[in-house]
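Per-entry structural report
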Amino acid sequence: MAQLWGGRFKDKTDQEVYDFNASISFDKRLINVDLAGSRAHVKMLAKQGIIEKSDLDAILSGLDSIESDLKAGKIEITSEYEDVHSFVEAVLTERIGEPGKKLHTGRSRNDQVALDMRLYTRERVKGTDRLLEALLSSILDTMKANLDTYMPGFTHLQKAQPITLAHHYGAYFEMFRRDRGRLHDLFVRMNECPLGAGALAGTTYPLDREFTASELSFDRPTRNSIDSVSDRDYVLEYLFTLSTVMMHLSRFCEEIIIWNTNEYRFVEIDDAFSTGSSIMPQKKNPDIAELVRGKTGRVYGSLMSLLTTMKGLPLAYNKDMQEDKEVAFDAMDNADKCIHLFTGMISTMKFNSGNMAKSAMNGFTNATDAADYLVGKGVAFRDAHRIIGELVLACIDKNKSIEEMSLEELKNICPKFDKDIYEAVSLETCVEKRLTKGAPGKAVMKEYLAECEDYLKNNKAL
Ligand code: ARG
């Protein structure tokens, strides 16, 4: 039981209470940011004449030795300490004596943990951004290679109109582009330094908060000391963004799972990203896609958990806030892993363009185009819609597609049909004539891909 307090206590903490209260088992991952924060703090204390230069030197070399011994595996962060902050101060004082006791001058664990969490989250936000950048560039590669890969577009999971794979992937490009935008936005908002807020009310020492903020690459110090130690909005914003990323990944996974079924056979997932069955020898399962879909739940759970923890907390710091860590770390670890593995899975996945085109051709995906053809012949759209509905019914009766009907059969339904109907309802025409901005026609898709390329060039990871 190594703790930073105890002077006002007569008796020892109950062991079970101590364990319940301790956070070392999960906050030890904050060690590097805790050390960085302490370095900035003591440099500022010396600069302001609050501690001696000799104390600063002793503390800095002590902190360095802790860092290198941890790296070399010579020491370990154990449950003997209450939290990572206590670990650093205790080991430091053990090593350098008196100066170690000055480390915490003008600081509270409340602004210390607020700082650590911000520094750590900031690094993780950058990491997620890099992973999303890699995902987007994999999506772009697939789009470039599949401008002519026809497939059915769906609504209600029913075949609707023909599109291309490039166009379909473009939808996901937009989703992950927005997710990156959310990360960039929250980064700007969170990049303020809470160090110097003290327990809640600042301190009487002449701290230079601008100095520590800039030492730690923040844009500025936070503006209110009470808010500084009570704010976990940036963790929530990050968890919301991760939840949205997971929702997008989950939708993508669901499609890949469907495309991978025997019934569809649109894709073949690489062996390296598939798993087998212990009993059914023929099986090659899309477990990675399913697990990514499944892990969406726990990331949402983290968001709900922390939102609920923060709800109703009076100002300023409350121990409830220690509960931010495990859920946030779990979400960060799992979401990042999902983005990374998902990128690997789709980068190695093969498309069966023949099956995709075949599927795009049946199911009357060209019915809208047939109606538009009649509009071109002077029929009002609502009448054309009814006529093509009747045509589809006749086709179903004869077990034929629209293009398999003879001109005579077509003319029986509407005399406006002519032999140019066959070209008008071909797969190529249906796709390539869709040239409105954002549509699948190759000419507009090429412009879109150039824009995506520019976006990736101009929006490097944080
Ligand atoms: N382990 C604590 C946390 O994660 C550190 C802050 C403790 N502060 C306090 N006044 N008990 O929130």
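Everything below is about the structure shown above.
Residues numbered from 1 in each chain as written. Predicted model: local features only at pLDDT ≥ 70, side-chain atom pairs only at ≥ 80, totals over all residues. Heavy atoms only, no water.

**Structural notes on the site of the ligand**
Test applied: In these notes, residues near a molecule or strand are those with any non-hydrogen atom within 4 Å of it. Identification of polar contacts relies on pairs of N or O atoms within 3.5 Å, with a donor-acceptor requirement for protein atoms, meaning one able to donate a hydrogen and the other able to accept it, and with residues adjacent in sequence counted only if both atoms are side-chain atoms. In short, Shrake-Rupley with a 1.4 Å probe defines the accessible areas, and a residue's cover is counted only from the protein chains shown. Counting from the N terminus, the helices are DSSP H or I runs at least four residues long and the strands are E runs at least two residues long.
Taken together, Ser23, Asp27, Asp83, His85, Arg109, Asn110, Val113, Tyr317, Lys319, Gln322 and Lys325 make up the full set of residues adjacent to the ligand. One of the side-chain N or O atoms of lysine 325 is found 2.5 Å from an oxygen atom in the ligand. For the ligand, the accessible surface in isolation is 340 Å², of which the surrounding protein chains cover 86%. Per-element accounting of the shell around the ligand gives the leading share, three residues, to helix α6 (residues 109-145).

**Here's the deal with the pairing of strand β1 (residues 150-155)**
This is how it is decided: By the convention used here, strands pair only if DSSP detects at least 2 bridges between them.
The pairing of β1 with strand β2 (residues 158-164) spans six bridges and is classified as antiparallel. Considered in β2, the bridge of glycine 153 is made with glutamine 161. Between the antiparallel neighbours β1 and β2 lie two residues, among them histidine 156 with a positive phi of about 55°.

**Comments concerning the environment of glutamine 112**
Selection rule: Accessible area is worked out with a 1.4 Å probe on protein chains only. A residue is then buried under 20% of its type maximum, exposed over 50%, and partly exposed in between. Any two residues having at least one pair of non-hydrogen atoms within 4.5 Å are treated as being in contact.
Take glutamine 112: it is sitting in helix α6. On the accessibility criterion, glutamine 112 (3% relative accessible area) is buried. The spacing of glutamine 112 and tyrosine 373 is 261 residues in sequence and 69 Å in space, taken between C-alpha atoms. Non-local contacts of glutamine 112, meaning those with residues more than four positions away in its chain, are made with Asp34, Ser38, His85, His104 and Arg107.

**Quick look at the packing of aromatic side chains**
For any pair of aromatic rings, the description consists of the separation of the ring centres together with the inter-plane angle of the planes. Filter applied, for reference: What counts as a ring pair is set by centres within 6.5 Å for rings of Phe, Tyr and Trp (its six-membered ring), and what kind of pair is set by the plane angle: stacked under 30 degrees, edge-to-face over 60, tilted for all other angles.
Scanning all chains against the criterion turns up 11 aromatic pairs. Both rings, one in tyrosine 169 and one in phenylalanine 351, keep their centres 5.9 Å apart while their planes meet at 75°; by these two values the pair is edge-to-face. Within this pair, whereas tyrosine 169 is found in helix α7 (residues 165-190), its partner phenylalanine 351 is found in strand β6 (residues 350-351), the two being separated by 182 residues in sequence. A residue is classified by how much of its surface remains accessible, and tyrosine 169, at 0% relative accessible area, is buried. By way of ring pairs, the aromatic residues Tyr169, Tyr172, Phe252, Phe342 and Phe351 are connected into one cluster.

**Quick notes on the packing of α6 against α7**
Under the convention used in this document: A fitted line through C-alpha atoms serves as each axis, taken over the contacting stretch for helices, and the angle formed by two N-to-C directions is quoted from 0 to 180°. Every angle not falling under 35 degrees, over 145, or within 65 to 115 is termed oblique; those three ranges are roughly parallel, roughly antiparallel and roughly perpendicular. Helix crossings get a hand from a simple test, with the near helix turned counterclockwise from the far one by less than a right angle marking a left-handed crossing and a clockwise turn marking a right-handed one. Just so you know the grouping, Ala, Val, Leu, Ile, Met, Phe, Trp, Tyr, Cys and Pro go in nonpolar, Asp, Glu, Lys and Arg go in charged, and all remaining residues, Gly too, go in polar.
At their nearest, the axes of α6 and α7 sit 9 Å apart, and the two run at 160° to each other. It follows that α6 is roughly antiparallel to α7 by the angle criterion. Between α6 and α7 the crossing geometry is left-handed. Looking at the contact of α6 with α7 residue by residue, the classes come out as 17 nonpolar, five polar and eight charged.

**Here's the deal with the layout of surface pockets**
As a reminder, the rule being used: In this analysis the probe radius is 1.4 Å and the grid spacing 1 Å, with only protein atoms considered; a cavity is a set of points the probe fits into but cannot get out of, a pocket is an open set with protein on both sides within 12 Å along at least five of seven lines, and lining residues have an atom within 4 Å of a point. Grid points are joined across faces, edges and corners, and a volume is the space filled by probe spheres set on the points.
As a volume, the largest pocket reaches approximately 470 Å³. Lining the largest pocket are 18 residues; nearest its centre among them are Asn260, Thr261, Asn262, Arg265 and Lys284. Tallied by class, the residues present in the lining of the largest pocket amount to six nonpolar, seven polar and five charged. Each pocket or cavity is described by its volume, and for the second largest pocket that value is around 240 Å³. Every residue lining the second largest pocket is listed: Asp369, Asp372, Tyr373, Asp420, Glu423, Ala424, Thr429, Cys430, Lys433 and Arg434. Only α14 (367-376), α17 (421-424) and α18 (427-432) provide two or more residues apiece to the lining of the second largest pocket. The dominant element in the lining of the second largest pocket, judged by the number of residues it contributes, is α14, at three residues. Of the residues contributing to the lining of the second largest pocket, the split by class is three nonpolar, one polar and six charged.

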